[in-house]
Amino acid sequence: MKKIKIVLSIILILGLITGCGCNKKEIDKEEKTNKELNIEMQKISIKESKIFEGLDILNDNTLETQIGINRNFVENHAIGISMYGNAKEIYMIVKPKEENKKIVKEALDLYIERTKENANKEDKIRYENVLKQEYNGYYVYIVSEDNENIFNQIKEYLK
């Protein structure tokens, strides 16, 4: 099973690396920039505690190296993960280009599955209850102790 996942990962990554040769499109003025989304995510708190502090924020390069998504496949993204794969909380907010929705979703799902496999017993429960929603063209993935509360805060920002 692991060999199959590795082969699928390699195929997905190779497909994403080659890209489609599309030119980068300027982000619409109404779109939230990656930096703005990540700043807002750092502000989210539950019970007076900022839950996404200390996460590594992915840029265009690390989006591809860590998640396996070519920057040309997305319009916008805000992702906070642990580079060591031991974070109890993560967030992934990605707005794929229409023609790449399926590839982006598969890459996000694969990342969650890999991280869940490497998580300790206590954290596996959080990854099994990951929130996966599509909202206003964004794929929103949240792993935390209160996914719904965080998702509601994200929806307010993405309006």
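In this report, we go over the structure that sits alongside the text. (Residues numbered from 1 in each chain as written. Predicted model: local features only at pLDDT ≥ 70, side-chain atom pairs only at ≥ 80, totals over all residues. Heavy atoms only, no water.)

The next thing to look at is the pattern of salt bridges. One pass over the structure, following the stated rule, counts seven salt bridges. With its nearest N and O atoms 3.4 Å apart, the salt bridge here joins Glu122 to Lys88. You can see Glu122 sitting in helix α5 (residues 121–128) and its partner Lys88 sitting in the loop between β4 (74–81) and β5 (90–96), a full 34 residues away along the chain. According to the relative accessible area criterion, Glu122 is exposed, its value standing at 52%. On the accessibility criterion, Lys88 (37% relative accessible area) is partly exposed. Put simply, Lys105, Asp109 and Lys132 are held in one network by salt bridges that share partners. (Salt bridge = Lys/Arg side-chain N within 4 Å of Asp/Glu carboxyl O. Helix = DSSP H or I, 4+ residues; strand = E, 2+ residues; numbered from the N terminus. Buried < 20%, exposed > 50% of the residue type's maximum accessible area, 1.4 Å probe, protein only.)

Attention now goes to the packing of helix α4 (residues 101–118) against α5. Their axes nearest at 8 Å, the elements α4 and α5 cross at an angle of 160 degrees. On the basis of the axis angle, α4 is roughly antiparallel to α5. Handedness of the α4/α5 crossing: left-handed. Here α4 contributes Ile112, Thr115, Lys116 and Glu117 to the contact with α5, which in turn contributes Lys124, Tyr127 and Glu128. (Axes fitted to C-alpha atoms, helices over the stretch in contact; angles between N-to-C directions. Parallel < 35°, antiparallel > 145°, perpendicular 65-115°, else oblique. Left-handed = near helix turned anticlockwise from the far one by under 90°. Contact = heavy atoms within 4.5 Å.)

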